[in-house]
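Tertiary structure, described
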2 protein chains.
Amino acid sequence: MLKRISNWSISQKIAISFAFVIFTGSLLLTLPISQLPTSEATYLDNLFTSVSMVCVTGLFTQSVYESYTIFGQIVGMALMQIGGLGLMTLIASVITRFKKRIGLRNRLAVQEGINRGDARGFREYLSDILKYTAVIEGTGFLLMSFRFVPLYGWGRGLFTSLFLSISAFCNAGFDNLGNVSLVDYVHDPLVNFVITSLIILGGIGFSVWFDVTKSIKCFSAKKGKRSLRIFFRSLSLHSRLALLVTVTVIAVGMLFFVAVEYNNPDSIGTFTFPQKLLAGYFQTVTMRTAGFATIDYTTVYPFTLFWFVITMFIGGSPGGTAGGLKTTTFAIVVLMLYNEVRGQSNVNIAHHTIDKQLVRQALVIFMALLGTLILGASLLSILNPEVNFIYVLFESISALATVGVSANLTPTLGRLSQAVLMFLMFAGRIGPITLVDSLAKSDQKVPDVEFSKGNILIG
Amino acid sequence: MLKRISNWSISQKIAISFAFVIFTGSLLLTLPISQLPTSEATYLDNLFTSVSMVCVTGLFTQSVYESYTIFGQIVGMALMQIGGLGLMTLIASVITRFKKRIGLRNRLAVQEGINRGDARGFREYLSDILKYTAVIEGTGFLLMSFRFVPLYGWGRGLFTSLFLSISAFCNAGFDNLGNVSLVDYVHDPLVNFVITSLIILGGIGFSVWFDVTKSIKCFSAKKGKRSLRIFFRSLSLHSRLALLVTVTVIAVGMLFFVAVEYNNPDSIGTFTFPQKLLAGYFQTVTMRTAGFATIDYTTVYPFTLFWFVITMFIGGSPGGTAGGLKTTTFAIVVLMLYNEVRGQSNVNIAHHTIDKQLVRQALVIFMALLGTLILGASLLSILNPEVNFIYVLFESISALATVGVSANLTPTLGRLSQAVLMFLMFAGRIGPITLVDSLAKSDQKVPDVEFSKGNILIG
Ligand SMILES: [K+]
Ligand SMILES: [K+]
């Protein structure tokens, strides 16, 4: 048995670890001690919640608030934390034994699994991540308790703050407030800014934290001229790219949202200007991977939903708790297109050339994600011909990019459609390529044959 | 002046040639001699028709039947024929002077412009194409006159047959029957099979014709064992791939359409089984680039429209009258994805390896087309927030892939939205990359600098 496990590929080990945690979570959530007396959740609802929590998505068929006891919610927090930190402890053994150079499939698998980008010692890395996580979640917890303790009293106030802090940092998007996410807090600056900060910190990727912290230390120690520009240049190429794309996507997204919805009376048309900006900022940040909502997505214009679909597709940064294509992958695809049109075959960023192999991998990831989205949306649309297609697309990418926003569709779907969403969440969390690879035979070796050049005309 | 023209890039020459023909066409269609007394077409409607005809799309804001006289329709046939055969005569001078090795931008520009794939002498090539075109369109004309002469009498019957034959072969999708394309002929085997045959012959690409004809000649001369398999293998790699993808897309598309719509009472639910198959076959063939319709696209399920969007995106074969991504480009993208997931970096087809540069170009074309589609659909959706997004997407890709099917949306749109559609048709006909390139300065030279490798983490 042990021998058979060691024969599994990395992809298989990761897929099975996630599946194991999900299954265990679903059983724990089904225990009578986890269920409120008024709960209407069946085992399939609990399974859906467990998938959604471990895959840090945030879609649900039965709300946390109406279904689970304090114990059930603690199980939920654990599932989100495990999912968000990437099952690190579970697959640590796999990684440490794993030294030789690895190809795309395995590299992606490991990266998706542990959210890890550099080559530091695993033990040190683990301890650093736990330390950062505790500090950031603790700060979020404290700040939010200023809002929720006065509202709900000490007990529920503190518990709610902790639940939201973990959920936001892990980009899980679950809340234990009710049925409508954070819609009641759309104008609340404290909740908006604490939640969005937690989301951004969780979604930017651990390697960026380490890089920024290191640079801050060096920067403080160094004498001479100091400026934001010099500081930015001292960061690694990866960190600079991730930060730049993150800031750009949020700024452009906010602008588009506010401009298009400005006079929509059903969404933000009746808000004051600062309230519009706040709603735009929150929606854009949350849409990139977190999944909280402060507005009802059935009230916005079709273009806004399409714009959200694109934002979700791009997703957060690699090596964090975010899903989607990832900021850096998106940047490479865009730069490649830009350079090719200008007649350059190299993709250059800030006086560095991106390896052609990496460009190719970025394109493959793009295509795999797009293909999975098309597959999922098609299945959902076939199963639900009466539903407007943009809602189907919205819900599909929300699951696939582990975002978790909903146009109020998920709870109304049949079991088969919910199974499609579970598949999308799982594929999105471990990565479509890792998923396909985990289904292949572990000992399959395909030789990379090269034949004579074939002449094909393309269009 | 002449010196300045010779300084233009190929892309600019092609874009300007098309624009010139479109503009001339719009003026001719606006002449009183072209307009029926009852016509409601303004200059902008005539411009739209001219763009749509030269770009062989088939979308219209005012129907041909209700707007144009026999003279106007003859102008229309000329515009479609010029657009369909790729403005060959107009840009012949450009091509013959053009000998040196050409990069992607220019290669694409020339290819899109003249629909030409191999390196044969231009004069011989031109005469061959005209010969084939005359034979095929003549045959189609004769066959269709068996239907339309009994219906409309000799004069109008023959004229209608000619118009439809040219329109079908050029994949233009215009008809002079009325407002609803070929909906009245949904159960007519003669019209269905003649039109689809013309569409397929026009859309498969001239280089495939030449290859197939050559192989048939060799094959007839040769002695020994003869089989379809051996014949297929004697074709070039390009022809085999184009034929294979064409047959696969049509078969799969027909299957999906019939299966999903089988019981939809608004579309084909009330048809007999053979009628369902015929409607499915016609819709799938026409959707790849032609733009005729025998059903009303507002009656089908959302998934069917989405499936049509994918079919249109893939499009026909390169070097013909078809638009879209093109069959071979699609095949390369799919094979690359398949091979990469299996761990192979080479893209192999039938014991030939596709050049990495070609694979890269296929991906660039894919991305450029997708980007243009997203841009166009976004603009249309912003301008028309009340329209269901799937209709917006359907109409956008119909314009961009020069297909020309319509969910009855185009005539109802405002002028700005119609301008977006004209832009999409133009971009689709000359190719998004050629369009961008034609806007660049002609003497712009970007050195292909290579820096040290940059280390970026992708997702
Ligand atoms: K999420
Ligand atoms: K067409």
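What counts as what
- Once a new chain begins, its residue numbering starts again from 1 and follows that chain's sequence as written.
- For naming, the first written chain is A and the first written ligand is 1, with later ones following in the order written.
- The predicted origin of the model limits local features to residues at a pLDDT of at least 70 and limits the giving and counting of side-chain atom pairs to 80 or more, whereas totals for whole chains, interfaces and linings rest on all residues.
- Derived side-chain values reflect all non-hydrogen atoms in the structure, with water molecules and hydrogen atoms excluded from consideration.
- Helix and strand definitions follow DSSP, with helices as H or I runs of at least four residues and strands as E runs of at least two, each counted in order from the N terminus.
- With a 1.4 Å probe rolled over the protein chains alone, any residue whose accessible area is under 20% of its type maximum counts as buried; one over 50% counts as exposed, and the rest are partly exposed.
- In this analysis, two residues are considered to be in contact whenever any of their non-hydrogen atoms come within 4.5 Å of each other.
- Only the protein chains shown count as cover for residues, with accessible areas throughout obtained via the Shrake-Rupley method and a probe of 1.4 Å.
- UniProt positions are given in the numbering used here, feature names are shortened, and annotations may be inferred rather than shown by experiment.
- Throughout, an axis means a line fitted to C-alpha atoms (over the contacting stretch in the case of helices), and angles, computed between N-to-C directions, take values from 0 to 180 degrees.
- Orientation labels follow simple angle bins: below 35 degrees gives roughly parallel, above 145 gives roughly antiparallel, 65 to 115 gives roughly perpendicular, and whatever is left gives oblique.
- For this classification, the nonpolar set comprises Ala, Val, Leu, Ile, Met, Phe, Trp, Tyr, Cys and Pro, the charged set comprises Asp, Glu, Lys and Arg, and every other residue, Gly included, is treated as polar.
- A pair is scored as a salt bridge if a Lys or Arg side-chain nitrogen falls within 4 Å of a carboxyl oxygen belonging to Asp or Glu.
- Within this scheme, the nonpolar core is defined by two criteria: the residues are buried Ala, Val, Leu, Ile, Met, Phe, Trp, Tyr or Cys, and they are joined through side-chain atoms within 4.5 Å.
- Only centres within 6.5 Å qualify two rings of Phe, Tyr or Trp (six-membered ring in Trp) as a pair; their planes then separate them into stacked at under 30 degrees, edge-to-face at over 60, and tilted for everything else.
- For every residue, the predictor states its confidence as a pLDDT score lying anywhere from 0 to 100.
- A crossing counts as left-handed when the near helix is turned anticlockwise from the far one by less than a right angle, and as right-handed when that turn is clockwise.
- A patch consists of residues exposed above 30% relative accessible area that lack any salt bridge, with like charges linked at up to 9 Å and nonpolar side chains (Val, Leu, Ile, Met, Phe, Trp, Tyr) linked at up to 5 Å.
- Expected helix span is computed as 1.5 Å times (number of residues minus one).
- Positive charges are assigned to Lys and Arg, negative charges to Asp and Glu, while His and the chain termini are left out of the count.
- What qualifies as a polar contact is a pair of N or O atoms within 3.5 Å, subject to a donor-acceptor requirement within protein and to the restriction that residues adjacent in sequence count only when both atoms come from side chains.

**Looking at the overall build of chain A**
What chain A contains, in helices and strands, is 20 helices and 3 strands. Every one of the 459 residues in chain A was classed for burial, and the buried ones make up 61%. Expressed as a percentage of contacts within chain A between residues at least 6 apart in sequence, the contacts between residues at least 24 apart total 71%. Summed over its atoms, the accessible surface of chain A is roughly 18200 Å², and 67% of this surface lies on carbon and sulfur atoms.

**A short note on the environment of B:Ala427**
All names here are of chain B. As for its position among the elements, Ala427 is in helix 19 (residues 415–430). Residue class for Ala427 comes out buried when judged on its relative accessible area of 0%. For the pair formed by Ala427 and Leu400, sequence separation is 27 residues and the distance between their alpha carbons is 6.7 Å.

**Digging into the UniProt feature "transmembrane region" (unreviewed entry) in chain A**
Residues and elements named next belong to chain A. Those residues carrying the UniProt feature "transmembrane region" (unreviewed entry) are residues 12–31, 70–95, 151–174, 194–216, 237–260, 305–338 and 358–383 in this numbering. Counting secondary structure, residues 237–260 comes out at 100% helix and 0% strand; the distance between its end C-alpha atoms is 34 Å. Across residues 358–383, the secondary structure splits into 100% helix and 0% strand, with the terminal C-alpha atoms separated by 37 Å.

**Some words on the packing of helix 17 (residues 356–383) of chain B against helix 19 of chain B**
All names here are of chain B. Where helix 17 meets helix 19, the axes come as close as 9 Å, and the angle between the chain directions of the two elements is 170°. Relative to helix 19, the element helix 17 is oriented roughly antiparallel. Each of Thr372, Leu375, Gly376, Leu379, Leu380 and Leu383 in helix 17 lies in contact with helix 19, whose residues at this interface are Leu416, Ser417, Val420, Leu421, Phe423, Leu424 and Ala427. A per-class count over the contact of helix 17 with helix 19 returns 10 nonpolar, 3 polar and no charged.

**Remarks on the pattern of salt bridges**
Residue and element names in this part refer to chain B. Counting across every chain of the model gives 6 salt bridges over all chains. Between Asp45 and Arg415 there is a salt bridge, and its shortest N-O distance comes to 3.1 Å. With Asp45 in helix 3 (residues 43–54) and Arg415 in helix 19, this pair connects stretches of sequence that are 370 residues apart.

**Thoughts on the nonpolar core**
In a soluble, globular protein the nonpolar side chains are often hidden away together inside. With 202 residues, the main nonpolar core has A:Tyr297, A:Phe366, A:Phe394, B:Tyr297, B:Phe366 and B:Phe394 as its most contacted residues. If we skip the residues at most four places from it in the chain, A:Phe394 touches A:Met287, A:Tyr297, A:Leu305, A:Phe308, A:Val309, A:Met312, A:Val405, A:Ser406 and A:Ala407. Core analysis: the second largest hydrophobic core is formed by 29 residues, B:Tyr185, B:Leu198, B:Ile204 and B:Ala242 among them.

**Observations concerning unusual backbone geometry**
All names here are of chain A. Positioned with a positive phi, Asn408 is a non-glycine residue whose angle comes to about 55°. Note on placement: Asn408 falls in the loop between helix 18 (389–400) and helix 19 (415–430). Judged by its relative accessible area of 44%, Asn408 is partly exposed.

**Brief notes about the packing of aromatic side chains**
This model, assessed by the stated rule, comprises 30 aromatic pairs over all chains. When the ring of A:Phe169 is compared with that of A:Trp209, the centres are 5.7 Å apart and the planes differ by 35°; the resulting orientation is tilted. Residue A:Phe169 is found in helix 9 (residues 154–169), and its partner A:Trp209 is found in helix 11 (residues 206–221); the two are separated by 40 residues along the sequence. Neither residue differs from the other here; A:Phe169 and A:Trp209 are each classed as buried. Ring geometry for B:Tyr297 and B:Phe394: centres 5.6 Å apart, planes at 55°, overall tilted. On the criterion of sequence distance, the pair formed by B:Tyr297 in the loop between helix 14 (273–290) and helix 15 (302–314) and B:Phe394 in helix 18 (residues 389–400) is long-range, its members being 97 residues apart.

**Quick look at the confidence of the model for chain A**
If pLDDT is low for a region, its predicted coordinates should not be looked at in detail. Residue and element names in this part refer to chain A. Residues of chain A with pLDDT of at least 70 account for 83%, and the chain-wide mean is 81. Summarising per-element confidence for chain A, the mean pLDDT is lowest in helix 6 (residues 88–96) (44) and highest in helix 18 (93). Note on residues 89–102: pLDDT is under 50 here. Beyond four places in sequence and across chains, it has 18 contacts.

**Details of the environment of A:Gly323**
Among the structural elements, A:Gly323 can be located in the loop between helix 15 (302–314) and helix 16 (327–342). Separated by 102 residues in the primary sequence, A:Gly323 and A:Met425 have C-alpha atoms spaced 9.7 Å apart.

**Some points on the packing of helix 13 (residues 237–261) of chain A against helix 14 (residues 273–290) of chain A**
All names here are of chain A. Relative orientation of the contacting elements helix 13 and helix 14 amounts to 130°, with a least axis distance of 8 Å. Viewed along their axes, helix 13 and helix 14 adopt a mutual orientation that is oblique. Here helix 13 and helix 14 pass one another in a crossing that is right-handed. Only Lys276, Leu277, Ala279, Gly280, Tyr281, Gln283, Thr284, Val285 and Arg288 of helix 14 make contact with helix 13, whose side of the interface consists of Thr246, Val249, Ile250, Gly253, Met254, Phe257 and Val258. A class-by-class count of the residues in the contact of helix 13 with helix 14 yields 9 nonpolar, 5 polar and 2 charged.

**Some details on a nonpolar patch on the surface**
Residues and elements named next belong to chain A. Together, Phe23, Leu27, Tyr43 and Leu44 give the surface a local cluster of nonpolar side chains, amounting to about 360 Å² of exposed area. If you list the elements that add at least two residues to the nonpolar patch, you get helix 2 (10–30) and helix 3 (43–54). Topologically, Phe23 is positioned in helix 2. You can call Phe23 partly exposed: its relative accessible area is 48%.

**Observations regarding helix 17 of chain B**
Taking 1.5 Å of rise per residue, the 28 residues of helix 17 of chain B would be expected to cover 40 Å, and the 41 Å separating its terminal C-alpha atoms lies within 8% of that figure. Most of helix 17 of chain B is tucked away, with 20 of its 28 residues classed as buried.

**Notes on the environment of B:Val300**
Residues and elements named next belong to chain B. Residue position: Val300 is located in the loop between helix 14 and helix 15. Between the C-alpha atom of Val300 and that of Ala407, which follows or precedes it by 107 residues, the distance is 9.9 Å. Excluding residues that lie within four positions of it along the chain, Val300 makes contacts with Phe257, Glu261, Asn264, Ser267, Ile295 and Leu305.

**Concerning the side chain of A:Lys276**
All names here are of chain A. Examined against the element boundaries, Lys276 turns out to sit in helix 14. Here Lys276 is buried and forms no salt bridge, its nearest opposite-charge partner Glu261 lying at an N-O distance of 10.0 Å. Within the structure, Lys276 has its side chain in polar contact with the backbone oxygen of Tyr262 (distance 3.1 Å). Look past the residues within four positions of Lys276 in its chain and what remains in contact with it is Val258, Tyr262, Ile268, Gly269 and Phe271.

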